[in-house]
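Each chain, letter by letter, is given below.
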Amino acid sequence: MRPGQVRANVKPVQPPFSPVLLLGMALKPVRPALLQPVFDGVLKMLRRRHPDILDRMADYASKPVCINPVDLPFVILLDPNPDDPRLTVRREIDPQEVAATIHGPLEVLLALAEGKVDGDALFFTRRLVIEGDTEVVVALRNAIDGAGIDLINDISAELGPLARPFRSCASAAVDLLGRIQDDIETLRTALIAPAVKDSNAQNARITQLEAELKTLRKAARRGGVA
Amino acid sequence: MTAKLTLGPVLFNWKPETLRDFYFRIADEAPVDTVHVGEVVCSKRTPFFEPYIASVVERLHAAGKEVVLSSLALIMSEREMAAARDLASDADLLVEANDISVAAITAGRPFVAGALLNVYNEGTLATLESMGAIRVCLPAELSGDAIAALATAAKSEIEIQAFGRLPLAISARCYAARARQLTKDACQYVCADDPDGMEVETLDEIPFLAVNGTQTMSSHYMDLLPDLVSLRARGVSRFRLWPQNVDMVAVSALFRAVLDGRMAVAEAEDRLAGLCPGVQFANGYVHGRAGHLFVEDDE
Amino acid sequence: MTTAQPAPAPLTRPELVCPAGTPAALKSAIDAGADCVYVGFRDETNARNFPGLNFNRRELAEGIEYAHGKGAKVLVAVNTFPRAGQPEIWHRAVADCDELKADAVILADIGLIDHAARHHPNLRLHLSVQAAASNPDAIRFYADRYGIKRVVLPRVLTVQEIAEVNARIAPIETEVFVFGGLCVMAEGRCALSSYATGQSPNINGACSPASDVRYTETNEGITSELGGFTINKFAHTEPAGYPTLCKGRFIANDKASYLFEEPTSLNTLAILPDLIRAGVTAFKIEGRQRGRAYVAAVVGAFRQGVDAVLAGKSLPDIDLDRITEGGKQTTGAYEKAWR
């Protein structure tokens, strides 16, 4: 394996327990090809409304990037060649095919695309993991951040007369997601409560053992025999 | 005319008597044309060697060496500036400016622009020359092409760093003190424990850098023996040897011999390795590569 | 006994100078309360020559129009050192700033400053931090010779030293960094990056460039490398950092440590009143390479902070931990103990 590449069965970021993860589970039987038209639409929108993105990626035309929403059962392949850019949805990807991979929960990836969160901060706190060619990822991050994407605005602008119904649907969906997120959080807490309790008890036990070990070591240093 | 050799200032904190004896031996035995004296790295070290400077300069002059007084590289206080003014007021000796303020206060008199000034292009070179620079030691990270372009444009002598640990960075913070959980103000002069710099390795225990108080240096020694002749042909008139804790008389003799065509590069390289046991050498910068690399020959 | 305290001198309102790596960030900064933004062209003429970042000429023209429309200024950093024999793109950059009516250019190289002063006499010149002018004599050299109006002070001085410098160089203005990434070496005088990678801040405009960075996932955590040298290893539970050379973990005297500096960000919110009293003209926020979210958060916080100090109110308590490197903060060289 080359350094910096994804091992086949490693998930560098654990997917958070979220509505997206549930959606991902629901999407598992769906063939990625069925989702492709959505991504064709997104690419069309990006090319029309944010030509700067490909412009900023011009030096990295031959470096495809894999975007891996860790809570969904598919990955997205971005080929930034300005003459023939592609956004392809696939079940999985061979690391050899791409210059770099970005792993993160969908929610984080979308917030990043809209410039609502700081990519460096996400990386520092490990909510985002990048592998492979760091340069192309930095370029993509900067290009997207610089575009000023606002997904709801951008998509509704593409929809013409359907914009208004889309907007109200979208904001209702965002509200709904927010509320589901709260419920899910409650559910998650309830589900993992016993495990947390166990783990807390274990931690306390480890702390106690460490303290005992320290005392023993000190004694050993001072007196030769513990 | 053949190229000249300069012995740069001793960047480390050597014991004053050791330093004095080092210069006496250089005066008596080393085939170098110019010798720099003076504290470049940390003003806290300055007082210790001061009593010996006059006798060292005298001995070097008596041996026919040109003596240059080197200034501090990072001047942050009025006390340090006053010391620099003092240095610049010495009408008898050439001063090496390692901070632009020192070049400014020499006002119209001849001076040497030091390796720690940023001379990257013809415009800056011309400005320093117009201020009085008669010799310019170029920054370490320049490529051979940049060196050649500057040598072509220069009215002054162009000097480049040819041997020793490269001074890579200077800071207000003292890392020799920090490594020992001390602050700079209460440093106990711990940098004196590392007469050749404190080795800094990566977490994989690969030698990488060296710390000399507030200065960060390369772990590798620069070695331009294989490049001397071609750089001379590209217009470099002087080569600077940074003093290390090795036999600098023997080192300078190797550089002199290769420049004079009296010794093959391969033999000089072997002997240099013998003089610097355990040292890795580098010349990447002049080949336009990363500084730590050693490039045998350009493709 | 009570005596009347002499009225304190009225505080001068410092300008808030904010980073913008893209037009979107420029708008974010201005909308969040920036008095000035600083930007660079998309090439090696500036010290944040990062992939996908910075402005082309059209974007700069539009950015200047947007800023001026909102009463803000645009400063353009042309703060790398022109290559010997090839100064054209640097000269072009300065000429374009003049033509596009940038409010100032931020320069570091003596030769380029000389060129700008000769050929663009009406262009306002600021001295970049990359020039590392750390004392009054150095600063006056640039002012007397080239008419530099403002100097960005290197991050080596304490607040006390900054106040002394200001007293000696008036009316030359000073600008100091108040937040963001922190060089621990004197800026513009550091070749660590080129030693490891061949790419230098002074020549190429990039320190520890992304092209030479590699992260490797191991069972123990992440290893970050620069130019093939291991700069750090992070356990899975530890916050990671970008492998900037001087924020790496190294072994010296048989001990592994953050020898130069920890992964940390400068944050001076708590000492803003001292910096204002030191007579600083402008407060600079680092981070043209960070995104809009960073710009909006930091600019907003410092806008509130500066306004509070000037209104005589107590400092707002704003937590910027989540956007700092390694989740850590420092006041850096502004306090003497840092040294």
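Residues numbered from 1 in each chain as written. Chains lettered and ligands numbered in written order. Predicted model: local features only at pLDDT ≥ 70, side-chain atom pairs only at ≥ 80, totals over all residues. Heavy atoms only, no water.

**Considerations on the interface of chain C and chain B**
In this complex, chain C contributes 61 residues to the contact, which on the side of chain B involves 64 residues. Approximately 5100 Å² of surface area, both sides summed, lies buried where chain C meets chain B, with 57% of it carried by carbon and sulfur atoms. On the chain C side of the contact with chain B, Arg189(C), Tyr195(C) and Arg339(C) bury the most area, a combined 17% of that side's loss. Counting every contact that joins chain C to chain B gives 6 salt bridges. The partner of Lys233(C) in a salt bridge is Asp204(B), with the nearest N and O atoms 2.9 Å apart. The interface formed by chain C and chain B holds 41 residue pairs in polar contact (both at pLDDT 80 or more) in total. No other element matches the 6 residues that helix H5 (residues 136-146) of chain C contributes to the side of chain C that touches chain B. (Contact = heavy atoms within 4.5 Å. Buried area = accessible area lost by both parts, 1.4 Å probe. Salt bridge = Lys/Arg side-chain N within 4 Å of Asp/Glu carboxyl O. Polar contact = N/O pair within 3.5 Å; in protein donor to acceptor, adjacent residues only side chain to side chain. Helix = DSSP H or I, 4+ residues; strand = E, 2+ residues; numbered from the N terminus.)

**Examining the layout of surface pockets**
Residue and element names in this part refer to chain B. In this structure, the second largest pocket encloses a volume near 870 Å³. Lining the second largest pocket we find 37 residues, and of these Gly-38, Glu-39, Thr-46, Phe-49 and Ile-53 sit closest to its centre. Secondary-structure elements contributing two or more residues to the lining of the second largest pocket are helix H1 (16-29), helix H2 (46-62), strand E3 (66-70) and helix H3 (78-88). Among the residues making up the lining of the second largest pocket, the classes are represented as 20 nonpolar, 8 polar and 9 charged. (1 Å grid on protein atoms, 1.4 Å probe; cavity = no way out; pocket = protein on both sides within 12 Å on 5 of 7 lines; lining within 4 Å. Points joined across faces, edges and corners; volume = space filled by probe spheres on them. Nonpolar A, V, L, I, M, F, W, Y, C, P; charged D, E, K, R; others polar.)

**Quick word on the environment of Val174(A)**
Assignment of secondary structure puts Val174(A) in helix H8 (residues 163-223). Here Val174(A) falls in the partly exposed class, since its relative accessible area comes to 48%. (Buried < 20%, exposed > 50% of the residue type's maximum accessible area, 1.4 Å probe, protein only.)

**Details of the interface of chain C and chain A**
On the chain A side, the residues contacting the 42 residues of chain C number 34 residues. Interface area for chain C against chain A, summed over the two sides, is near 2900 Å², with a carbon-plus-sulfur share of 48%. Of all residues in chain C, Tyr215(C), Glu217(C) and Arg292(C) bury the most surface against chain A, accounting for 22% of the area lost on that side. For the pair chain C and chain A, the interface holds 3 salt bridges. In this structure, Arg42(C) engages Asp55(A) in a salt bridge whose closest nitrogen and oxygen atoms are separated by 3.6 Å. Inspection of the chain C/chain A interface yields 9 residue pairs in polar contact (both at pLDDT 80 or more). Of all the elements in the fold, those that place two or more residues in the side of chain C that touches chain A are helix H1 (23-31), helix H2 (57-69), strand E9 (213-217), strand E11 (229-235) and helix H10 (292-310) of chain C. With 5 residues, E9(C) is the single largest residue contributor to the side of chain C that touches chain A. Looking at the side of chain C that touches chain A, its residues break down into 17 nonpolar, 15 polar and 10 charged.

**Quick look at the UniProt feature "binding site: [4Fe-4S] cluster" (unreviewed entry) in chain B**
Under the local residue numbering, the UniProt record ascribes the feature "binding site: [4Fe-4S] cluster" (unreviewed entry) to Cys42(B), Cys174(B), Cys187(B) and Cys191(B). Over a stretch of 150 residues, the named residues converge on one spot in the fold, their C-alpha atoms separated by at most 11.5 Å. According to the relative accessible area criterion, Cys42(B) is buried, its value standing at 13%. Looking at the element boundaries, Cys174(B) is found in the loop between strand E7 (157-171) and helix H7 (175-178). With a relative accessible area of 8%, Cys174(B) lands in the buried category. Contact partners of Cys174(B), with chain neighbours within four places excluded, come to Lys184(B), Gly213(B), Thr214(B) and Arg339(C). (UniProt positions renumbered as here; feature names shortened; annotations may be inferred.)

**Some remarks on the sheet that holds E11(C)**
Residues and elements named next belong to chain C. Spatially, the 3 strands line up as an open sheet ordered E9-E10-E11, and their pairing is antiparallel. What marks the edges here is a single partner per strand, and that holds for E9 and E11. In this sheet, neighbouring strand axes are inclined to one another by 20° on average, regardless of whether the strands run parallel or antiparallel. Bridge count for E9 against strand E10 (residues 221-226) is 5 bridges, and the pairing is antiparallel. Bridge pairing in E10 links Tyr-215 to Ser-224. (Pairing = 2+ DSSP bridges. Axes fitted to C-alpha atoms, helices over the stretch in contact; angles between N-to-C directions.)

**A word on the UniProt feature "domain: SCP2" (unreviewed entry) in chain A**
The UniProt feature table records "domain: SCP2" (unreviewed entry) at residues 46-144 of chain A. End C-alpha to end C-alpha, residues 46-144 of chain A measures 10 Å, and it is 35% helix and 24% strand.

**Regarding the sheet that holds strand E1 (residues 65-69) of chain A**
Residue and element names in this part refer to chain A. Spatially, 5 strands are ordered E3-E2-E1-E4-E5 in an open sheet, and the strand pairing comes out mixed. In this open sheet, the two edge strands, each paired with only one partner strand, are strand E3 (86-90) and strand E5 (129-132). Between one strand axis and the next, the sheet turns by 20° as a mean value, whatever way the strands run. Relative to E3, strand E2 (residues 75-79) is paired through 5 bridges, and the arrangement is antiparallel. Directly across from Leu-77, in E3, lies its bridge partner Thr-88. Contacting E1 and strand E4 (100-104), helix H4 (residues 106-113) runs over the sheet at an angle of about 125° to E1.

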